[in-house]
Amino acid sequence: MAAMAARLHLLHPPTVSRPSFLFLKPSPSPLSSRIRKVSTFPRLCSGADQSPQSASSSAASGGSIVGGLLDYLNESWTQFHATAEAKRQLIDAGFHLLNENDEWNLKPGGRYFFTRNMSCLIAFAVGERYDVGSGFQVIAAHTDSPCLKLKPKSASTKSNYLMVNVQTYGGGLWHTWFDRDLSVAGRVIVRDSNGSFLHKLVKIKRPLLRVPTLAIHLDRTVNKDGFKPNLETHLIPLLSIKPDETSAESKVSSKPVHHPLLLQILSDELGCCADDIMSIELNLCDTQPSCLGGGNNEFIFSGRLDNLASSYCALRALIDSCRLPADLSTEHAVRMVALFDNEEVGSDSFQGAGAPTMFQAMRRIIDSLADKYVGENAFERAIRKSFLVSADMAHGVHPNFTDKHEEHHRPEMQKGLVIKHNANQRYATSGITAFLFKEVGKIHNLPTQEFAVRNDMGCGSTIGPILASGVGIRTVDCGIAQLSMHSVREVCGKEDIDIAYQHFKAFYQSFSHVDSKLTIDY
């Protein structure tokens, strides 16, 4: 979660095979018995032993989506790759790709999506019984995570090393990036042979970079005084030993923007000439795969859980809630997923939640489906009937720092989605929206927890308040409990992934019925 105080007043490997291990677990608890497991031999890392199709089929039949999440995490090193993988899964599920530049011709019962900047995605399914003014049931999350990004001029040389200049993105725990096997991934613009320019994603899977710590012999007080690196001068990754004077690197007449060695590595991966790489937008990424861990394999160890875990649960819930034609046969509403970029830095961007992307899409959906309807304020009436779930990871209670949580609001792993409350509207939850969301869970026997920050501590925020205030849509903020938030390596509970998926799917299937039973303003 990113701090977004400045936003609150504004607008309104190829896959590789991994070994399977015996899953040794005590007798299942009442909670775990609610979530049917896909196998007694779960994968510790993602791999080819279960295809994306079989993973989604398992989820659709009521099984676990954890294997699919591991695949998604290992594919999605950047926000661009996360969006591209979501796009692939939607197309495989029969969703139709739209272009924001084209006129839309939508139909009740149709399933559609579009991307923006290849880092933001809106997907939706129209109920067969849709009528003008029907509401939207939305789950919103974000595709970005705190990371290091290459500077526009990344080439640097120090003490006979080739270094790569980086800038910090978001509020990361930057000390966790030291002594990790890092690489780069992101997107490039490549010049084609016909003179056009192509957008391509790239991922260098092997360890390429490293930010080394200083030996304790040269920093004797670090364990007493703390590790306090200067983020400009100490957080610079090593790429290589500086080549000798006869090498190609040393023959560059002027100082390069990026090291020729780095550009050559990228061009080899892309199958193009280094000179044809016109622009790069790269993140540093940890090469260690996402995997299961813990004595009973009850944890997920991974980078980017905040917030790709929420994104994947929402995506799979939408796909699986309308997989069969009958799934939309009695639905009046439009079911939607919105995945935004740049949440970690405030959402003020073309592809962030601060842009009107989602609301423009809603208006276009209403206009396209209106046919010959002539009436008053269809969009505004639809928004009044709509509901938004802002899904972002939550702070689970840390066993070594329990005093950091308010005594009666200490979310635990494996205990269900955490509903976030803040009287100062850092979260958009209200008593009404919390009730409606918990009622959906209660119908399906799904547990929930509550979180409120201590009065003597600051509180992060989410895209919830931004979207809630954008046009006045009812919103609840919720998330999966995790530890090590914003570390290069985070942890959450495996059962919570399945509970979140089941709760999101139940939201699509049951919210209209629950909402119809509540009267507030009339």
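Attention in this report is confined to the structure presented alongside it. (Residues numbered from 1 in each chain as written. Predicted model: local features only at pLDDT ≥ 70, side-chain atom pairs only at ≥ 80, totals over all residues. Heavy atoms only, no water.)

### Some points on the overall build of the chain
Thought 1: Each helix and strand counted, the chain has 12 helices and 20 strands in total.
Thought 2: Considering the chain as a whole, with its 522 residues, one finds that 55% of them fall into the buried category.
Thought 3: Summed over its atoms, the accessible surface of the chain is roughly 22,800 Å², and 52% of this surface lies on carbon and sulfur atoms. (Helix = DSSP H or I, 4+ residues; strand = E, 2+ residues; numbered from the N terminus. Buried < 20%, exposed > 50% of the residue type's maximum accessible area, 1.4 Å probe, protein only. Areas by Shrake-Rupley, 256 points an atom, 1.4 Å probe, with all protein chains shown as cover.)

### Digging into the pairing of strand β18 (residues 474-479)
Thought 1: Summarising burial for β18: six of the six residues are buried, a large majority.
Thought 2: Alternating residues of β18 divide into Arg 474, Val 476 and Cys 478 and Thr 475, Asp 477 and Gly 479, and every residue in both groups is buried.
Thought 3: Summarising the sheet, strand β14 (residues 387-391) and β18 pair through five bridges and their orientation is parallel. Looking at β18, one finds that Leu 388 is bridged to Thr 475.
Thought 4: Relative to β18, strand β16 (residues 417-421) runs antiparallel, the two being bridged by two bridges. Bridged to Val 418 within β18 is Gly 479. (Pairing = 2+ DSSP bridges.)

### Observations concerning the nonpolar core
Thought 1: By size, the foremost hydrophobic cluster in this structure holds 59 residues, and its most contacted members are Ile 300, Val 389, Ile 480, Ile 497 and Phe 504.
Thought 2: What Val 389 contacts, discounting residues up to four positions off in sequence, is Val 138, Ile 139, Ala 140, Phe 437, Val 476, Cys 478, Phe 504 and Phe 507.
Thought 3: Listed in part, the 35 residues of the second largest apolar core include Leu 98, Tyr 112, Leu 369 and Leu 388. (Core = buried A, V, L, I, M, F, W, Y, C linked by side-chain atoms within 4.5 Å. Contact = heavy atoms within 4.5 Å.)

### Side note on the packing of helix α3 (residues 66-75) against helix α7 (residues 305-321)
Thought 1: Between α3 and α7, whose axes approach to 10 Å, the crossing angle comes to 130 degrees. The angle between the axes of α3 and α7 places the two elements in the oblique class. Regarding α3 and α7, the two cross each other, and that crossing is right-handed. Contact with α3, carried on its side by Gly 68, Leu 69, Tyr 72 and Leu 73, involves Leu 305, Leu 308, Ala 309, Ser 311 and Tyr 312 of α7 and no other residues of that element.
Thought 2: Classifying every residue of the contact of α3 with α7 by side-chain character gives seven nonpolar, two polar and no charged. (Axes fitted to C-alpha atoms, helices over the stretch in contact; angles between N-to-C directions. Parallel < 35°, antiparallel > 145°, perpendicular 65-115°, else oblique. Left-handed = near helix turned anticlockwise from the far one by under 90°. Nonpolar A, V, L, I, M, F, W, Y, C, P; charged D, E, K, R; others polar.)

### Some details on unusual backbone geometry
Thought 1: Omega for the peptide link from Asp 306 to Asn 307 comes to 15 degrees, which places this bond in the cis form.
Thought 2: By the element assignment, Asn 307 lies in helix α7.
Thought 3: Within the chain, Ser 159 stands out as a residue other than glycine whose phi angle is a positive 50 degrees.
Thought 4: For Ser 159, the location among the structural elements is in the loop between β5 (147-158) and β6 (161-169).
Thought 5: Classification of Ser 159 by relative accessible area gives exposed; the value is 68%.
Thought 6: Despite not being glycine, Asn 297 shows a phi value in the positive range, around 55 degrees.
Thought 7: Here Asn 297 shows up in the loop between β11 (291-293) and β12 (299-302).

### Side note on the pattern of salt bridges
Thought 1: According to the stated counting rule, one finds 19 salt bridges in the structure shown.
Thought 2: As a salt-bridge pair, Asp 286 and Arg 180 come within 2.6 Å of each other at their nearest N and O atoms. Of this pair, Asp 286 sits in strand β10 (residues 277-286) while Arg 180 sits in the loop between β6 and β7 (182-191), and the two are 106 residues apart along the sequence.
Thought 3: With a relative accessible area of 5%, Asp 286 lands in the buried category.
Thought 4: Across the pair Arg 454 and Asp 456 runs a salt bridge whose closest N-O atoms are separated by 2.7 Å. (Salt bridge = Lys/Arg side-chain N within 4 Å of Asp/Glu carboxyl O.)

### Remarks on the sheet that holds strand β13 (residues 334-340)
Thought 1: One open sheet holds the nine strands; their spatial order is β1-β2-β3-β13-β4-β14-β18-β16-β17, and the pairing between them is mixed. Bordering the open sheet on either side are β1 (96-97) and β17 (448-452), each of which pairs with just one other strand.
Thought 2: Here helix α11 (residues 464-471) sits on the sheet and contacts β4 (136-142), β13, β14 and β18; the angle it forms with β18, its principal contact strand, is near 170 degrees.
Thought 3: Lying on the sheet, helix α12 (residues 494-516) is in contact with β4, β13, β14, β16, β17 and β18; it crosses β4 at an angle near 155 degrees.

### Section: the sheet that holds β11
Thought 1: Strand order in the open sheet formed by five strands is β11-β12-β20-β19-β15, and the pairing between neighbours is mixed. Only two strands of the sheet have a single partner each, and these edge strands are β11 and β15 (394-395).
Thought 2: Here two bridges tie strand β19 (residues 481-483) to strand β20 (residues 490-493), and the two strands are oriented antiparallel to one another. Counted as the bridge partner of Leu 483 is Val 491 from β20.
Thought 3: Contacting β12, β19 and β20, α7 crosses the sheet at an angle of about 35 degrees to β20.
Thought 4: Strands in contact with α12 are β11, β12, β19 and β20; relative to β20, the strand with the most contacts, it is inclined by about 65 degrees.

### Focus on the environment of Leu 148
Thought 1: The topology assignment puts Leu 148 in strand β5.
Thought 2: The exposure class of Leu 148 is buried, given its relative accessible area of 0%.
Thought 3: Between the C-alpha atoms of Leu 148 and Asn 165, which are 17 residues apart in sequence, the distance is 9.6 Å.
Thought 4: If we ignore the near neighbours within four places in the chain, the residues touching Leu 148 are Val 166, Gln 167, Thr 168, Trp 174, Trp 177, Leu 235, Leu 282, Asn 283 and Leu 284.

### A word on the packing of aromatic side chains
Thought 1: All chains considered together, the criterion is met by 12 aromatic pairs.
Thought 2: Aromatic pair Trp 104 and Phe 114: ring centres 5.5 Å apart, planes at 45 degrees, arrangement tilted. Linking Trp 104 in the loop between β1 and β2 (111-116) with Phe 114 in strand β2, this pair joins segments that are 10 residues apart in sequence.
Thought 3: Consider the rings of Phe 507 and Phe 511, whose centres lie 5.3 Å apart with planes at 50 degrees: the pair is tilted. Within this pair, Phe 507 and its partner Phe 511 are both found in helix α12, separated by four residues, close to a single helical turn. Like Phe 511, Phe 507 is buried.
Thought 4: If you follow Arg 116 out to its NZ or CZ, it ends over the ring of Phe 350, 4.5 Å from the centre.
Thought 5: Directly above the aromatic system of Trp 104 lies the positively charged group of Arg 364, at a separation of 4.0 Å from the ring centroid. (Phe/Tyr/Trp six-rings, centres within 6.5 Å; stacked < 30°, edge-to-face > 60°. Lys NZ or Arg CZ within 6 Å of the ring centre and 35° of its normal.)

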